[in-house]
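Here are the chains, one letter per residue:
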Amino acid sequence: MNEPLLLVPGPCTVEPDVLATLGRPVPLHYGPHWTATYDRLRRQLAEVFGTAGEVHLLFGPGSAGMEMTLGSVLAPGDELVVVVEGIFGQRLVEIARTLGLVVHELRTEGTRPAGGEELAAMLGGHPAVRAVAMVHHETGTGVLTPVERLCRTARAAGLITVVDAISSLGGAPLRMDDWGVDLCVTVANKCLGGPVGVAPVAVGPRALELISAPPARRRKAVGWYLDLATWHRYQDMWSSWHPHPTTMPGNVVHALATATDRIFEVGLDAHHRRIAAAARQARGGLRALGLCTLVPDEIAAPAVTSVRAPDGMDVDHYLRWLVDKHGMLAAAGLPPHAGASFRVGHMGRAAEPGVVTDWLDATRDYLRIEGIGARS
Ligand SMILES: *Cc1c(COP(=O)(O)O)cnc(C)c1O
C-alpha cells in the first residue's frame, strides 16, 4: 500500500533525496568521514537555532530532548515556571514534574499566547523560580508564542530559559542568542523536512557554563544519557572520531544532513518564506471556501493551519475521505478543540504549492458533495 502524503503537523513526508539517503546501507557512526558530516550538520543547525553555542543530536524524540534540557540544568526540588498554552505546554509540565521539579503553571485562555507582563507578575510571586520553559509553537492550536518577549523578561530576572521549538524550528525565525534563549529543542521530522529519529538540542553560551559546572552538591535531575554534560564531554574527548557518547542512527543523521543541505542551498530565509507562503495560500484558499481558521493570522504559526469545522461537518469523516479518495492525511484538532477543528501542516512536501492546491480542491469537493454550507 502506498503511504499517504502527510499533511499532519509532523512527521512530514520527506523529499525523494532524503528518502534515498535513508535507504542506503547502514553507515559507520565513527571515523573521519562520519565526523565530518556530523560536525558540519551540527554547525548548520547551530545557525538555524541562531546560537554561538553547540548542538547535540539526541537519538530520540523531541520530548526526550526537553527532558534532557530541563534535567541538565536543574536539580530535583528546583522551581520553574512553565507557560501552558495547550497540549504540548502540558507535556512540559508532566516532564518537569517527573524530574522532581516544582512547577508553577502560567496558563492562558483559549488561543491567546502568554504575555511578558503576566510572566513578570508570576515571577514576582515566586522568588525561588530558577527557570522558565515554554513552547514556541503550540502545535495543538497553531499559536506562536512571543518567545523573545518572554525570554527577555525571564532573563531580566536572571533565570534560565528553555524553549520547545519542536514544530517551529526551520518554519519560523528563532534567534536563540539574540532572544535570550538558553536551551532549545527541535526534531528532524517537522519543519526541517528530515526523517524521524533525531532531536537536535541546542545549548547557548550561558547554558554551556551551567551544564559543565553545576553548583557543588547539586544532583541533576537527569541520569547519564540525557545529561548534556555527558554529550559535551564526549564531543571533546572523542572529537575527531566519535564526538557523541553512544551509537548513532547513521542513516537518519545522513538523511537529516541531506534535508539541511537543501535548506542551505536555497537559504534559511527562503526556506522560512516557502513555509509562510504555503500557510498564506492555505488560509486564503480556506476563506475563499467560506471556512474560518481557529487562530487569527497575527498570532498563528506559519507551520500549521488550524481550521474551525463548519456547521454540519463530521471531522473524522472528512479526514477519512481525504485519505481514501486523495491519499492525503491531515490531522484532527486536539483538546480543547477536538471534534470541532482539524489541522494542516505546511512542512516537508506539504509546503509545495501544488500540494496545497490539491488539498484545497479536494476540500471544496468534499463540502459540495456533503452539502456543507459556509459558516456565517
Ligand atoms: C511534535 C511535538 C512534540 C512531541 O515531539 P516528540 O518527538 O513526539 O516527542 C512536542 N512539542 C511540540 C510543540 C510538538 O509539535
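Please read these numbers as outputs of a predicted model, since none were measured by experiment.

Quick word on the overall build of the chain
Line of reasoning, step 1. A tally of regular secondary structure across the chain gives 13 helices and 15 strands.
Line of reasoning, step 2. Scaling as 2.2 N^0.38, a compact globule of 376 residues should have a C-alpha radius of gyration of about 21 Å, and the chain matches this with 21 Å.
Line of reasoning, step 3. If one aligns the C-alpha atoms of the chain with their principal axes, the spans along those axes are about 70 × 55 × 30 Å.
Line of reasoning, step 4. When burial is assessed residue by residue, the chain has 59% of its 376 residues classed as buried.
Line of reasoning, step 5. Relative to all contacts within the chain whose residues are 6 or more apart in sequence, the contacts with residues 24 or more apart total 72%.

Let's talk about helix 4 (residues 87-98)
Line of reasoning, step 1. Its 12 residues place the ends of helix 4 17 Å apart at the C-alpha level, agreeing with the 16 Å of an ideal helix rising 1.5 Å per residue.
Line of reasoning, step 2. Where helix 4 is concerned, the buried positions are Gly89, Leu92, Val93, Ile95 and Ala96. Relative to the axis of helix 4, the buried residues are bounded by an arc of 165° and lie together on one face. Facing away from the buried side of helix 4 by over 90 degrees, the exposed positions are Glu94 and Thr98.
Line of reasoning, step 3. Looking at the buried side of helix 4, the elements it contacts are helix 3 (62-73), strand 3 (79-84), strand 4 (102-107), strand 5 (129-135) and strand 6 (137-138).
Line of reasoning, step 4. Where helix 4 ends, the next residue or the one after it, Gly100, has phi of about 85°, a positive value.

Remarks on the sheet that holds strand 2 (residues 54-59)
Sheet strands pair via backbone hydrogen bonds, and the direction of the pair is either parallel or antiparallel.
Line of reasoning, step 1. Reading across the sheet, the seven strands line up as 2-10-9-8-5-3-4 and stay open at both edges, with mixed pairing between neighbours. This sheet does not close on itself; its edge strands, each paired only once, are strand 2 and strand 4. Between one strand axis and the next, the sheet turns through 20° on average, direction left out of account.
Line of reasoning, step 2. Where helix 4 meets the sheet, it contacts strand 3, strand 4, strand 5 and strand 8 (160-164), and its direction lies at approximately 160° from that of strand 3.

Some words on helix 5 (residues 116-125)
Line of reasoning, step 1. When we look at burial in helix 5, the residues that qualify are Gly116, Leu119, Met122 and Leu123. Considered in projection along helix 5, the buried side chains sweep an arc of 125° and stay on one side of the axis. What points out from helix 5, more than 90 degrees from its buried face, is the exposed set Glu117, Ala121, Gly124 and Gly125.

Some remarks on unusual backbone geometry
Line of reasoning, step 1. The omega torsion across Gly10 and Pro11 is -5°, close enough to zero to call that bond cis.
Line of reasoning, step 2. Note that Pro11 resides in the loop between strand 1 (5-6) and helix 1 (16-22).

A word on the domain arrangement of the chain
Line of reasoning, step 1. Considered domain by domain, the chain is made up of domain 1 (5-9 + 267-370) and domain 2 (25-263).
Line of reasoning, step 2. Between the C-alpha centres of domain 1 and domain 2 the distance comes to 28 Å.
Line of reasoning, step 3. The contact between domain 1 and domain 2 buries some 1800 Å² in all, and 66% of this surface belongs to carbon and sulfur atoms.
Line of reasoning, step 4. The largest contributions to the domain 1 side of the interface with domain 2 come from Leu268, His272 and Ile299, which together make up 26% of the buried area.

Details of the pattern of salt bridges
Line of reasoning, step 1. In the structure shown here, the tally under the stated rule is 16 salt bridges.
Line of reasoning, step 2. A salt bridge links Asp39 to Arg42, with the nearest nitrogen and oxygen atoms 3.3 Å apart. With Asp39 and Arg42 both in helix 2 (residues 32-49) and three residues apart, this pair spans about one turn of that helix.
Line of reasoning, step 3. The closest approach of N and O atoms between Arg40 and Asp261, which form a salt bridge, is 2.8 Å. Taken together, the positions of Arg40 in helix 2 and Asp261 in helix 10 (residues 250-266) put the pair 221 residues apart, joining distant regions of the chain.
Line of reasoning, step 4. Salt bridges here are not isolated pairs; linked through shared partners, they connect Arg97, Glu105 and Arg107.

So, the site of the ligand
Line of reasoning, step 1. All residues adjacent to the ligand are Pro61, Gly62, Ser63, Phe88, Val135, His137, Thr139, Asp164, Ile166, Ser167, Val187 and Lys190.
Line of reasoning, step 2. Within the side chain of Thr139, a nitrogen or oxygen atom sits 2.4 Å from an oxygen atom of the ligand.
Line of reasoning, step 3. Its residues assigned to classes, the shell around the ligand shows five nonpolar, five polar and two charged.

Points about the pairing of strand 12 (residues 304-308)
Line of reasoning, step 1. Burial analysis of strand 12 places four of its five residues in the buried class, which makes it a mostly covered element.
Line of reasoning, step 2. Summarising the sheet, strand 11 (residues 292-293) and strand 12 pair through two bridges and their orientation is antiparallel. From the neighbouring strand, Thr293 faces strand 12, where its bridge partner is Val307.
Line of reasoning, step 3. With five bridges connecting them, strand 12 and strand 15 (residues 341-345) associate as antiparallel partners. By the bridge assignment for strand 15, Val307 is matched with Phe342.

Looking at the packing of aromatic side chains
Line of reasoning, step 1. Enumeration according to the criterion identifies eight aromatic pairs in this entry.
Line of reasoning, step 2. Seen in terms of ring centroids, Tyr318 and Phe342 are 4.8 Å apart; in terms of plane orientation they differ by 50°. Their pairing is tilted. Separated by 24 residues along the polypeptide, Tyr318 in helix 12 (residues 315-326) and Phe342 in strand 15 bring together distant segments of the chain. Of the two residues examined, Tyr318 and Phe342, each falls in the buried class.
Line of reasoning, step 3. Put simply, the rings of Tyr318, Trp321, Phe342 and Tyr366 pair up and form one aromatic cluster.
Line of reasoning, step 4. Sitting over the ring of Phe88, Lys190 keeps its end group 5.7 Å from the ring centre.

Things to note about the pairing of strand 4
Along any regular strand the residues' side chains alternate between the sheet's two faces.
Line of reasoning, step 1. Note that strand 3 and strand 4 share six bridges and pair parallel. Its bridge partner being in strand 4, Val81 is matched across the sheet by His104.
Line of reasoning, step 2. One crossover worth recording links strand 3 to the parallel strand 4 by way of helix 4, and it is right-handed.

Regarding the environment of Val147
Line of reasoning, step 1. Structurally, Val147 is set in helix 6 (residues 147-156).
Line of reasoning, step 2. Linking Val147 and Ala20, residues 127 residues apart in sequence, is a C-alpha distance of 36 Å.
Line of reasoning, step 3. Beyond its immediate chain neighbours, meaning those up to four positions away, Val147 contacts Met134, His136, Val163, Trp179 and Val181.

Criteria and thresholds
All residue numbers refer to positions counted from 1 along the written sequence of the respective chain. Residues qualify for local features only when their pLDDT is at least 70, as the model is predicted, and side-chain atom pairs are given and counted only at 80 or more; totals for whole chains, interfaces and linings, by contrast, use all residues. As a rule here, side-chain values cover all heavy atoms of the structure and leave hydrogens and water aside. Helix and strand assignments follow DSSP, with helices taken as H or I runs no shorter than four residues and strands as E runs no shorter than two, numbered in order from the N terminus. Atoms considered for the radius of gyration are the C-alpha atoms alone. The globule rule reads 2.2 Å times the number of residues to the power 0.38. Buried means the residue's accessible area, taken with a 1.4 Å probe over protein chains only, is under 20% of the maximum for its type, while exposed means over 50%, and partly exposed covers the values in between. Residue contacts are counted whenever heavy atoms from the two residues lie within 4.5 Å of one another. Expected span of a helix: the number of residues minus one, times 1.5 Å. By definition, the arc is the one covered by directions from the helix axis to the C-beta atoms. A pair of strands counts as paired when DSSP detects no fewer than two bridges linking them. Each axis is a line fitted through C-alpha atoms, taken for helices only over the stretch in contact, and angles between the N-to-C directions span 0 to 180 degrees. For the domain bounds, the source is a domain assignment made automatically or taken from a database. The term buried area denotes the loss of accessible surface (1.4 Å probe radius) that occurs when two parts are joined, taken as the sum for both partners. The rule for a salt bridge is simple: a side-chain nitrogen of Lys or Arg has to be within 4 Å of a carboxyl oxygen of Asp or Glu. Residues are labelled near a given molecule or strand when at least one of their non-hydrogen atoms is within 4 Å of it. Any pair of nitrogen or oxygen atoms within 3.5 Å is treated as a polar contact; in protein, a donor-acceptor pairing is required on top of that, and neighbouring residues in sequence qualify only through side-chain atoms on both sides. Each residue receives one of three labels: charged for Asp, Glu, Lys and Arg, nonpolar for Ala, Val, Leu, Ile, Met, Phe, Trp, Tyr, Cys and Pro, and polar for the others, Gly being one of them. Side-chain rings of Phe, Tyr and Trp (the six-membered ring for Trp) are treated as a pair once their centres are within 6.5 Å; stacked means planes under 30 degrees apart, edge-to-face means over 60, and tilted covers the remaining angles. Placement of a charge over a ring requires the Lys NZ or Arg CZ to be within 6 Å of the ring centre, with the centre-to-atom vector within 35 degrees of the ring normal. By convention, orient the strands away from the viewer: a clockwise path from the first strand over the helix to the second makes the crossover right-handed.

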